[in-house]
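# Notes for the structure review
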Amino acid sequence: ETGVTQTPRHLVMGMTNKKSLKCEQHLGHNAMYWYKQSAKKPLELMFVYNFKEQTENNSVPSRFSPECPNSSHLFLHLHTLQPEDSALYLCASSQDPQEGETQYFGPGTRLLVL
Amino acid sequence: DAKTTQPTSMDCAEGRAANLPCNHSTISGNEYVYWYRQIHSQGPQYIIHGLKNNETNEMASLIITEDRKSSTLILPHATLRDTAVYYCIVRRRHNDMRFGAGTRLTVKP
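So, how was this worked out
- Residues numbered from 1 in each chain as written.
- Chains lettered and ligands numbered in written order.
- Predicted model: local features only at pLDDT ≥ 70, side-chain atom pairs only at ≥ 80, totals over all residues.
- Heavy atoms only, no water.
- Salt bridge = Lys/Arg side-chain N within 4 Å of Asp/Glu carboxyl O.
- Helix = DSSP H or I, 4+ residues; strand = E, 2+ residues; numbered from the N terminus.
- Buried < 20%, exposed > 50% of the residue type's maximum accessible area, 1.4 Å probe, protein only.
- pLDDT = per-residue confidence, 0-100.
- Pairing = 2+ DSSP bridges.
- Polar contact = N/O pair within 3.5 Å; in protein donor to acceptor, adjacent residues only side chain to side chain.
- Contact = heavy atoms within 4.5 Å.
- Core = buried A, V, L, I, M, F, W, Y, C linked by side-chain atoms within 4.5 Å.

## Section: the pattern of salt bridges
- Within this structure, the stated rule accounts for three salt bridges over all chains.
- The salt bridge partner of D85(A) is R63(A), with a shortest N-O separation of 2.7 Å. Here the residue D85(A) occupies a position in the loop between β8 (73–79) and β9 (87–94), and R63(A) occupies one in the loop between β6 (53–57) and β7 (64–70), the gap between them amounting to 22 residues.
- Accessibility expressed as a relative area gives 2% for D85(A), which makes it buried.
- Here K108(B) ties to D11(B) by a salt bridge, and the two come within 3.1 Å at their closest N and O atoms. In this pair, K108(B) sits in strand β9 (residues 103–108) while D11(B) sits in strand β1 (residues 9–13), placing the two residues 97 residues apart along the sequence.
- On the basis of relative accessible area, K108(B) is assigned to the partly exposed category, the value being 40%.
- Under the relative-accessibility criterion, D11(B) is labelled exposed at 51%.

Have a look at this one:
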């Protein structure tokens with residue numbers, strides 16, 4: 001247990017569906033992150049939130065919409081996804097946006113888009 | 001951030017020490033060396049990190065060469081549950097966790 005939980009752990013959705021991924025951290029951290037890990041590809045940073053404010057968006061398509069209502073919760077809203085969006089989506093958190101801060105990852109949500 | 005080079009795969013006998021090397025010859029003075037591992041289909045697990053000095057915690061030891069151009073992660077007594085992909089990451093910016101391909105460690109009975 002890393003103190004970062006993600007739900008659901010597995011999700012199957014059609015291309016016309018709307019779904020949301022949830023991440024919650026119990027570590028008192030101020031920064032949260034969304035990553036995407038596709039099969040046989042390195043981790044890709046998607047979004048960074050610092051004190052509930054989005055500080056980075058790595059050219060992620062608009063069909064992925066993040067939301068950070070508070071420092072402990074992070075959502076990723078999904079709509080009209082494509083089959084190539086199937087991947088493991090990982091949430092992480094760190095104490096502060098300082099250099100060298102350790103990031104702690106959740107277990108991920110395995111997403112399959114049909 | 002500096003790039004890292006790791007062997008694609010390694011085997012280790014159960015109960016023996018696993019020594020995982022990483023080259024980071026372009027590392028700069030303010031970049032940390034981080035190690036994570038990922039067991040199949042799970043999120044990456046933080047193991048250890050260091051800047052200049054060798055580090056040890058309950059999971060592993062990290063040996064960094066004096067010139068900081070390479071490092072070795074040591075799992076002192078590998079178990080079957082240590083089978084995973086191990087990632088060596090050199091980073092400065094907090095939001096730049098660039099995971100490469102890593103080393104697939106297989107611990108064998």
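Continuing now.
## What to know about the confidence of the model for chain A
- Residue-level pLDDT values for chain A average 90, and 96% of them are 70 or greater.
- Ranking the elements of chain A by mean pLDDT puts β6(A) last with 82 and strand β3 (residues 18–25) of chain A first with 97.

## Description of the sheet that holds strand β5 (residues 55–56) of chain B
- Here four strands make up an open sheet; going across it, the order is β2-β7-β6-β5 (chain B) and the pairing antiparallel. The open sheet has two edge strands with one neighbour each: β2 (18–23) and β5 of chain B.

## A few points about the side chain of H29(A)
All names here are of chain A.
- Relative to the helices and strands, H29 is located in the loop between β3 and β4 (31–37).
- A polar side-chain atom of H29 sits 2.8 Å from a polar atom in the side chain of S93.
- At 3.4 Å, the side chain of H29 forms a polar contact with the backbone nitrogen of S94.
- Beyond its immediate chain neighbours, meaning those up to four positions away, H29 contacts S71, S93, S94, Q95 and Y104.

## Re the nonpolar core
- Within the largest apolar cluster, 22 residues are counted, with the highest numbers of intra-cluster contacts made by W34(A), F64(A), L76(A) and L78(A).
- The set of elements that each furnish at least two residues to this core consists of β2 (10–13), β3, β4, β5 (44–50), β7, β8, β9 and β11 (109–113) of chain A.
- Within the second largest apolar cluster, 21 residues are counted, among which are C12(B), A18(B), I64(B) and A78(B).

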